[in-house]
Each structure stands twice: as structure tokens, then as C-alpha cells.
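Reading the structure
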Amino acid sequence: MAATVGTTVRQGMGIIATIVRIVGLVIVAILVAHIVLTLLDANPANFLTEFISSWAAQLNLGRGDLFTPAQPKMAVTLNYGVAAILWLIITTVVVRLLRRV
């Protein structure tokens, strides 16, 4: 009985770790998409651009004004790039911790 409980817990933690990894990668994808749309001068009035921009602003971990270069595109690239890297690191660490349980 104890072996099946341990196996079930490990499988459950594996599923949770997979979900955390997927959510983290979606967040990173949103941040990277915002950077790409900004660099390519996407129409800011477009629904997709507005949607990505609003989500990226909420997910940037307060890094929206970490760097303040004169060029706005460089500011977006640096600030949201740092946030994307931090999300990737956080996600990787949490997933590894979950898989160790």
C-alpha cells in the first residue's frame, strides 16, 4: 500500500511540475512576443498587440522601468527581456524542486 501511495504522490507532483513548466513557458512566450511586436512596429491599436501588451505589462515582475535608455525599443527589449529570463529561471527552479519531491 505504501509503495502505491508514494508512486501516486510522485506522479501527481510530476503532473504539477509539468503544468508549472507550461505556465512559465507561456508567460515567457508572451513577454518575448511583446518584445518582437515592439521591435517590428506592430500597430498598437490592433487587438492582438493590445492583448499581448496588456498581459506583458502585468507579467513583467516590476521590471518595466529597470533600464531607461533613450530609445524606447531598447527599453522594451531590455526590461521585458530581463523579466522573461527571470521567469525562465524561476520556472526551472520550481519545476526541479517539484520533481525532487
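What counts and what doesn't
Residues numbered from 1 in each chain as written. Predicted model: local features only at pLDDT ≥ 70, side-chain atom pairs only at ≥ 80, totals over all residues. Heavy atoms only, no water. Phe/Tyr/Trp six-rings, centres within 6.5 Å; stacked < 30°, edge-to-face > 60°. Helix = DSSP H or I, 4+ residues; strand = E, 2+ residues; numbered from the N terminus. Buried < 20%, exposed > 50% of the residue type's maximum accessible area, 1.4 Å probe, protein only. Contact = heavy atoms within 4.5 Å. Salt bridge = Lys/Arg side-chain N within 4 Å of Asp/Glu carboxyl O. Patch = residues over 30% accessible without salt bridge, like charges linked within 9 Å, V, L, I, M, F, W, Y side chains within 5 Å. Areas by Shrake-Rupley, 256 points an atom, 1.4 Å probe, with all protein chains shown as cover. Polar contact = N/O pair within 3.5 Å; in protein donor to acceptor, adjacent residues only side chain to side chain. Lys, Arg positive; Asp, Glu negative; His and termini not counted. Charge placed at Lys NZ, Arg CZ, Asp CG, Glu CD.

1. Remarks on the packing of aromatic side chains
In the structure shown here, the tally under the stated rule is 2 aromatic pairs. Here phenylalanine 47 and phenylalanine 51 contribute two aromatic rings whose centre-to-centre distance is 6.1 Å and whose plane-to-plane angle is 25°, an arrangement assigned as stacked. Remark: phenylalanine 51 and phenylalanine 47 occur in helix α2 (residues 47-59); sequence separation between them is 4 residues, near one turn of the helix. Its relative accessible area of 38% is what places phenylalanine 51 among the partly exposed residues. Members of the aromatic cluster, each reached through a chain of ring pairs, are Phe47, Phe51 and Trp55.

2. Quick look at the environment of alanine 83
Along the chain, alanine 83 turns up in helix α3 (residues 72-100). For alanine 83, a relative accessible area of 0% gives the class buried. Residue contacts for alanine 83: discarding those within four places in its chain leaves Leu31, Asn60, Leu61 and Arg63.

3. What about the pattern of salt bridges?
Tallied over the full model, the rule gives 1 salt bridge. A salt bridge links lysine 73 to aspartate 41, with the shortest nitrogen-to-oxygen separation between them at 3.0 Å. Here lysine 73, found in helix α3, pairs with aspartate 41, found in the loop between α1 (2-39) and α2; they are 32 residues apart in sequence, far enough to count as distant. A relative accessible area of 55% means that aspartate 41 is categorised as exposed.

4. A short note on a nonpolar patch on the surface
On the surface, a cluster of nonpolar side chains totalling about 350 Å² of accessible area is made up of Val32, Val36, Leu39 and Leu40. Considering the arrangement of structural elements, one finds leucine 39 in helix α1.

5. Quick word on the environment of arginine 99
The residue arginine 99 is located in helix α3 in this model. Put simply, arginine 99 and isoleucine 27 are 72 residues apart on the chain and 21 Å apart in space, counted from C-alpha to C-alpha. Setting aside chain neighbours within four positions, we find arginine 99 in contact with Gly14, Ala17 and Thr18. Within polar-contact distance, the side chain of arginine 99 engages the side chain of threonine 18 at 3.4 Å.

6. Quick notes on the side chain of threonine 49
Mapped onto the elements of the fold, threonine 49 is located in helix α2. Setting aside residues up to four positions removed in sequence, threonine 49 forms contacts with Leu37, Ala42, Asn43 and Pro44.

7. Side note on a positive patch on the surface
A cluster of basic side chains, namely Arg21, Arg96, Arg99 and Arg100, defines a positive patch on the protein surface. Among the elements that line the positive patch, the one with the most residues is α3, at 3 residues.

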